Amino acid sequence: MLSGNRGEWSEIYTFFKLLADGKLHAANADLSLNPSSYYPIVKIIRRQKSFTFEYVLHDSNISISRDDSHSVLKTIDRNEFATAMTDLLSAITQARSTFEVPAVEAILTQCEITSLKEPHNDKGDISLVAHDSKVNQDKEFAFSIKSQLGSASTLLNASGATNFKFRINGDLTDTEIQSLNLLGPKDLLNHLVKQNFDISLDEIYNEQFEANLKMIDSLMPKIVAEIMVAYYSGHGNTLAELVEKIIASDALNYGKSASETYTHKVKTLLQDVALGMTPSKPWSGNYDATGGYIIVKANGEIVCFHAYNREAFRDYLLRSTKLETASRSRHNFGHIYREGSDLCIDLNLQIRFI
């Protein structure tokens, strides 16, 4: 029997609900469902081990075929998916940690689903063919799925690759350093800033992450560093708050255009992370999630930000994300240390949905 956490089961819930409903509704900027804007689904494509299965929607049933034969293996009444999605939603909302859902095991077996997550390395969690009315064609799209059914999802996961090295302009005794290192990273940096120590970016340890940030914008490493210093020194948690802070300080001297420029660049960073860019993997600027973002709301409603809804999606990301302090010991950051005659501190970047 398959077992998984709420995020993994949310992907199966999305699969069930889209097959039952036959459409994927667009989201408004406030995440409300737009009843007049949706994409009729033709089929869902799912990879399982060495085979790819197609689940084709008909009026009353779903036909299942496999890529090596293309002949219909079986058909399942669409009402069964409606029942399964209701059972699964109930299980997800009540469960904690990892869990099994016996009520949907039979339909998972019928659908040839042997693992909750598809075997992929990109940000496309579900692939589907939908009718695109803009070009009057059926097109295949890959969507990333984020669920609000469990704890808030991360947008950018903390790792050693997301550690930044900063220089501390000032002098501290060994005793002062030892005392400050007993503080948490935010209290430590807040103390330094209040004492008028200047904290400036020295390097990003992971060269690939630095290259990926520069692919977005040549000054993106400095913008991200400014956001991190603002966060760790206590000037807010949400990206919206932190952007306002760096607009006010305008360290990159954008002048009169500072508000529009910083806001645009940070929205672009969030969008690119959401749709394709990861710290350690070379990134060409092309999106893995070609369709956009599917959000499973806390009430089980499913909405999407399609690539066509670019500005609404970017606004949503800026309003709905925050910086978060990851495990200090696990990622080895937040301590002052000497490097020759210089004082340094490493800070870690993690972005989570609110």
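The residue numbering used here restarts from 1 in each chain and proceeds along that chain's sequence as written. Only residues with pLDDT of at least 70 get local features here, since the model is predicted, and only at 80 or more are side-chain atom pairs given and counted; chain-wide, interface and lining totals rely on the full set of residues. Each side-chain value is derived from all of the structure's non-hydrogen atoms; neither hydrogens nor water enter the calculation.

Pairing between two strands requires that DSSP report at least two bridges joining them. Secondary structure is summarised from DSSP: a helix means a run of H or I of at least four residues, a strand means a run of E of at least two, and numbering begins at the N terminus for each. Strand order in the open sheet made by the four strands is 12-11-17-16, with antiparallel pairing throughout. Of all the strands in the sheet, the pair left with one neighbour each is strand 12 (198-204) and strand 16 (336-339). Recorded for the sheet is a direction-independent mean angle of 40° between the axes of neighbouring strands. Note that strand 11 (residues 163-169) and strand 12 share six bridges and pair antiparallel. Across the sheet, residue Asn169 finds its bridge partner in strand 12, namely Asp198. Along the sheet face, helix 7 (residues 220-232) touches strand 11, strand 12 and strand 17 (342-348) and points at about 70° away from the line of strand 11. Each axis is a line fitted through C-alpha atoms, taken for helices only over the stretch in contact, and angles between the N-to-C directions span 0 to 180 degrees. Contact definition: two residues touch when any of their heavy atoms are within 4.5 Å.

Further remarks concern the environment of Asp202. Examined against the element boundaries, Asp202 turns out to sit in strand 12. Note on Asp202: relative accessible area 33%, which makes it partly exposed. Sequence spacing of Asp202 and Ile345 is 143 residues, and the spatial spacing of their C-alpha atoms is 9.7 Å. In protein, a polar contact requires one atom able to donate a hydrogen and another able to accept it; more generally it is a pair of N or O atoms within 3.5 Å, and residues adjacent in sequence count only if both atoms are side-chain atoms. At a separation of 2.9 Å, a polar atom in the side chain of Asp202 contacts the side chain of Arg167. Only protein chains enter the accessibility calculation, which uses a 1.4 Å probe; a residue whose area is less than 20% of its type maximum is buried, one above 50% is exposed, and one in between is partly exposed.

Attention shifts here to the packing of helix 7 against helix 9 (residues 258-275). Between helix 7 and helix 9, whose axes approach to 11 Å, the crossing angle comes to 95°. Classified by the angle their axes make, helix 7 and helix 9 are roughly perpendicular. Along its contact with helix 7, which presents Met220, Ile223, Val224 and Ile227, the element helix 9 presents Tyr262, Lys265, Val266 and Leu269. Amino acids are sorted into nonpolar (Ala, Val, Leu, Ile, Met, Phe, Trp, Tyr, Cys and Pro), charged (Asp, Glu, Lys and Arg) and polar (every other residue, Gly among them). Its residues assigned to classes, the contact of helix 7 with helix 9 shows seven nonpolar, no polar and one charged. Oblique is the label for any angle not under 35 degrees, not over 145, and not in the 65 to 115 range, which are roughly parallel, roughly antiparallel and roughly perpendicular in turn.

Further remarks concern the nonpolar core. What is meant by a nonpolar core is a set of buried Ala, Val, Leu, Ile, Met, Phe, Trp, Tyr and Cys residues, joined one to another through side-chain atoms within 4.5 Å. By size, the foremost hydrophobic cluster in this structure holds 63 residues, and its most contacted members are Leu192 and Ile336. For this core, the leading source of residues is helix 7, giving ten residues. If near-sequence neighbours (up to four positions away) are discounted, Leu192 is found in contact with Ile168, Leu172, Leu180, Phe197, Ile199 and Ile336. Counting residues in hydrophobic clusters, the runner-up holds 47 residues, among them Ala20, Ala91, Val101 and Phe141.

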